[in-house]
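# Reading the structure
Residues per chain are reported as follows:
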Amino acid sequence: MNEIIAIAGSTWKNVLRLKVVYFLVFCVWVLIASALNYDILSLGLHKELLLDASLFLNTIAGVLVIISLTFEIPKELKEGVASAMLSKPLGRTNYLVGKMVGYIVVGFVVCSLVAIGSFLIFNISFSEPIGIAMLQNHIMIILSLIPMAAIAVLFSIALPEIIAPIVTVLVIWFAHSTGILSSIPVIYGGIIPDLDLFNFKSEAVYNNAVTWKYVILVALWGISYAIFASSLASLLFSRKDIK
Amino acid sequence: MESEAVIITEGLSKVYKRLFKPSVKALDTLSISVPKGSVFGFLGPNGAGKTTTIKILMDLIKASSGTAAVLGKPSYDVEVKGMIGFLPDSPAFSPQLTAYEFLNICGKLLKIPSERRSARIENVLDAVKMSPHARDKIGSFSRGMLQRIGVAQAILNEPKLLILDEPLLGLDPYGRQEFKQIILGEQAKGTSVFFSSHILSDVEEICDHIAILNKGKMLCCGKIDDLLAASGSKAVVAPNNDDLLKELVTSAVTTSKRDDGSWILTFENSSEIKAMLTKAVEKFPQSIKISASHEKLEDFFFRIIKGDGKTE
């Protein structure tokens, strides 16, 4: 466990010191605030538009963090950073889990900053507090980082470094899609995670909250899926030559 | 010798399979034994299989066949890595971390207790002359500084075995000298050192054992003194023996004066020279010592590689 925390710690320290992370958060805040300009175009629904934009853009910010993981692992393997770490009594599975946890923490920080910023923008603009459903949905976005990070780790090990980010984006895109794939349960909710479980944006905008039990169950599903995907990644990584 | 060996490989082979291209045999039935307490130089031209061997020993790549044991355990044993210090050929570390933070993470992975960790990190930073840069980000370091940090993380756990892949590459002459001192210092503490290098003069200076590899096959392995053939005679002339020196110097191939005022002269292998030296010893028994002079490692290396008929 200490090894995983050590790798995760080095990962989030390394990423959270990059200025681009805070530039991304700032850009998302600006885009969320820009929804206020659409009061006429949205026929006075700019409040709902702002809430919807905050949820959508927070999801995008989270996905961008997770996608960067598919660049990070092949880069570390190629440049020798991973060799230096794996020459210690660490174990390959612990290395992968550490990287995954590190990026989940980075995603948590980024998505929390976006959520806090969006709450402040909403509060200042409309002088009313944010609804519980919005809070729940931002929490769900953060929780969705867990299966997404596992997917990113799996593809960054299983696929060549140029293809891995593209395939990860595609899979996350389809995983967020609604019922189109639900008739094929082996793929949807099986191989591809059912990220639609984390999505109730349209209800949250109108402050229709879900039960906390649902949030917990979805979180447990996300963790279970992450264990499945990272075990598969670990199995592949244990056979991989590190050049 | 076998029981005293820190590294034993038997029939180690590695074949890289490539899509739509012929397979490459990087290592061909390599069997070596590295004695405990030795400084073992692992030599060979580019593509000889040195890095492949080292990576198999560190379980970074998997052997196609054969076995490798390190410190008496299989090379895939995770816990044995706690007793090894490893420096990869082009060390790269997380660029946003400071040198201290990086070594602290290495210390955690090596399970060095937190109460001892800080002192140990300061010691190794001092040993590699990086203390003034402890709080600087690794991303701002030059190649030589990265190499120093690489050595610092390799000796952090006071290892029983150091495995170094081209440790002297990219260092200036001062850096190389310091590193050789570090390696010899580690050997003095009882650490065995196994390292690959292209810099033959450095290998000759610090190694007591060598192995030469070419195209994945081992060409020779053993004690450096046994391998380098006697190529002539060496005379050490005590200080203030100018008459004797004048007699010998005209026949000498090389001459060099040592700090204590004595001279070292080397001679070719011929009966006339041997007769002259015998006469000199009879005449000045207290002032001259004769021994066999050995072939230079560089000459030996090229002779062995050319003999293999595979020089590129």
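The following paragraphs examine the structure supplied in this document. (Residues numbered from 1 in each chain as written. Chains lettered and ligands numbered in written order. Predicted model: local features only at pLDDT ≥ 70, side-chain atom pairs only at ≥ 80, totals over all residues.)

## Let's talk about the overall build of chain A
Scanning chain A from terminus to terminus reveals nine helices and zero strands. Counting helices and strands in the order they occur from the N terminus, chain A gives α-α-α-α-α-α-α-α-α. For chain A, the C-alpha radius of gyration of 19 Å lies close to 18 Å, the compact-globule estimate for 243 residues. With the principal axes as the frame, chain A shows a C-alpha extent of 60 × 45 × 30 Å. (Helix = DSSP H or I, 4+ residues; strand = E, 2+ residues; numbered from the N terminus. Rg over C-alpha atoms; globule rule 2.2 N^0.38 Å.)

## A short note on the overall build of chain B
Regarding its fold elements, chain B presents 10 helices and 14 strands. On the principal axes, the C-alpha backbone points of chain B span a range of 65 × 50 × 35 Å. Considering chain B as a whole, with its 312 residues, one finds that 38% of them fall into the buried category. Considering only residue pairs separated by 6 or more positions, chain B has 69% of its internal contacts joining residues 24 or more positions apart. (Buried ≥ 20, exposed ≤ 12 C-beta atoms within 10 Å, placed from the backbone. Contact = placed C-beta atoms within 7 Å.)

## Remarks on the interface of chain B and chain A
With 24 residues of chain B in contact, the opposing surface of chain A contributes 22 residues. Per-element tally for the side of chain B that touches chain A: the top contributor is helix α2 (residues 99-109) of chain B, with five residues. Its residues assigned to classes, the side of chain B that touches chain A shows 14 nonpolar, five polar and five charged. (Nonpolar A, V, L, I, M, F, W, Y, C, P; charged D, E, K, R; others polar.)

## Points about the pairing of strand β10 (residues 217-223) of chain B
Residues and elements named next belong to chain B. The pairing of strand β9 (residues 209-214) with β10 spans six bridges and is classified as antiparallel. The residue of β10 that forms the bridge with N214 is K217. Counting the residues that bridge the hairpin from β9 to β10 gives two residues, and of these K215 lies at a positive phi of roughly 50°. (Pairing = 2+ DSSP bridges.)

## Describing the packing of α2 of chain B against helix α4 (residues 143-155) of chain B
Residue and element names in this part refer to chain B. Packing of α2 against α4 leaves a shortest axis separation of 10 Å and a crossing angle of 30°. One way to sum up the angle between α2 and α4 is to call them roughly parallel. For the element pair α2 and α4, the recorded crossing hand is right-handed. On the side of α2, the interface is formed by A99, F102, L103 and C106, while α4 contributes I149, A152 and Q153. (Axes fitted to C-alpha atoms, helices over the stretch in contact; angles between N-to-C directions. Parallel < 35°, antiparallel > 145°, perpendicular 65-115°, else oblique. Left-handed = near helix turned anticlockwise from the far one by under 90°.)

## Overview of the sheet that holds strand β3 (residues 39-43) of chain B
All names here are of chain B. Pairing is mixed across the open sheet formed by six strands, whose spatial order is β6-β7-β8-β3-β9-β10. One side of each edge strand has no neighbouring strand; the edge strands of this open sheet are β6 (84-87) and β10. On average, each strand axis in the sheet is inclined to that of its neighbour by 10°, with strand direction left out of account. As paired elements, β6 and strand β7 (residues 161-165) share four bridges and run parallel to each other.

## Overview of the sheet that holds strand β5 (residues 73-74) of chain B
Residues and elements named next belong to chain B. Strand order in the open sheet formed by four strands is β2-β1-β4-β5, with antiparallel pairing between adjacent strands. Edge positions in the sheet fall to β2 (21-35) and β5, since each has one partner strand and no second. As paired strands, strand β1 (residues 5-18) and β2 are joined by nine bridges and run antiparallel to one another. What sits directly across from Y16, in β2, is V24.

## Side note on the environment of I199 of chain B
Residues and elements named next belong to chain B. Residue position: I199 is located in the loop between β8 (192-196) and α6 (200-206). Given 16 C-beta atoms within a 10 Å radius, I199 is considered partly exposed. Distance from I199 to S38, taken between C-alpha atoms, is 18 Å for residues 161 residues apart in sequence.

## A few points about the packing of helix α2 (residues 19-34) of chain A against helix α3 (residues 46-79) of chain A
Working note: a packed helix pair is described by the angle between its axes plus the distance between those axes. Residue and element names in this part refer to chain A. Two elements in contact, α2 and α3, have axes whose closest approach is 9 Å; the angle formed by their N-to-C orientations is 160°. Taken together, the axes of α2 and α3 are roughly antiparallel relative to one another. Between α2 and α3 the crossing geometry is right-handed. Contacts from L24, V28, L31 and I32 in α2 reach L50, A53, S54, L57, A61 and L64 in α3.

## Some details on the nonpolar core
A149, A150 and V153 of chain A together with A152 and I163 of chain B are the most contacted members of the largest nonpolar core, which has 142 residues in total. With 16 residues, helix α6 (residues 132-158) of chain A is the single largest residue contributor to this core. Listed in part, the eight residues of the second largest apolar core include L245, L248, W263 and L265 of chain B. (Core = buried A, V, L, I, M, F, W, Y, C linked by C-beta atoms within 7 Å.)

## Quick notes on helix α1 (residues 50-57) of chain B
Quick reminder: α-helices carry 3.6 residues per turn. Residues three or four places apart thus point the same way. Within α1 of chain B, eight of the eight residues are buried, which leaves the element mostly enclosed by the surrounding structure. Among all positions of α1 of chain B, only K50, T51, T52, T53, I54, K55, I56 and L57 of chain B are buried.

## As for helix α10 (residues 297-307) of chain B
Residues and elements named next belong to chain B. Within α10 the residues assigned to the buried category are L297, F300, F301 and I305. Along the axis of α10, the buried residues cluster in a sector spanning 125°; they form a single face. Opposite its buried face, α10 presents the exposed residues R303, K306 and G307, each directed more than 90 degrees away. Structurally, α10 contributes buried residues whose contacts are with β3, α6, β9 and α7 (224-227). (Arc of directions from axis to C-beta.)

## Focus on unusual backbone geometry
All names here are of chain B. Positive phi is not limited to glycine here, since E158 has a value of about 45°. Mapped onto the fold, E158 is located in the loop between α4 and β7. The class of E158 is partly exposed, set by 16 C-beta atoms lying within 10 Å. Non-glycine residue K215 carries a positive phi angle of around 50°. Mapped onto the secondary structure, K215 falls in the loop between β9 and β10. Exposure remark for K215: the 18 C-beta atoms within 10 Å place this residue in the partly exposed category.

## Observations concerning the environment of A6 of chain A
The residue A6 of chain A is located in helix α1 (residues 2-16) in this model. Taking C-alpha positions, A6 of chain A is 37 Å from I130 of chain A, a pair spaced 124 residues apart along the chain. Leave out the neighbours within four places in its chain, and A6 of chain A touches I105, K108 and L109 of chain B.

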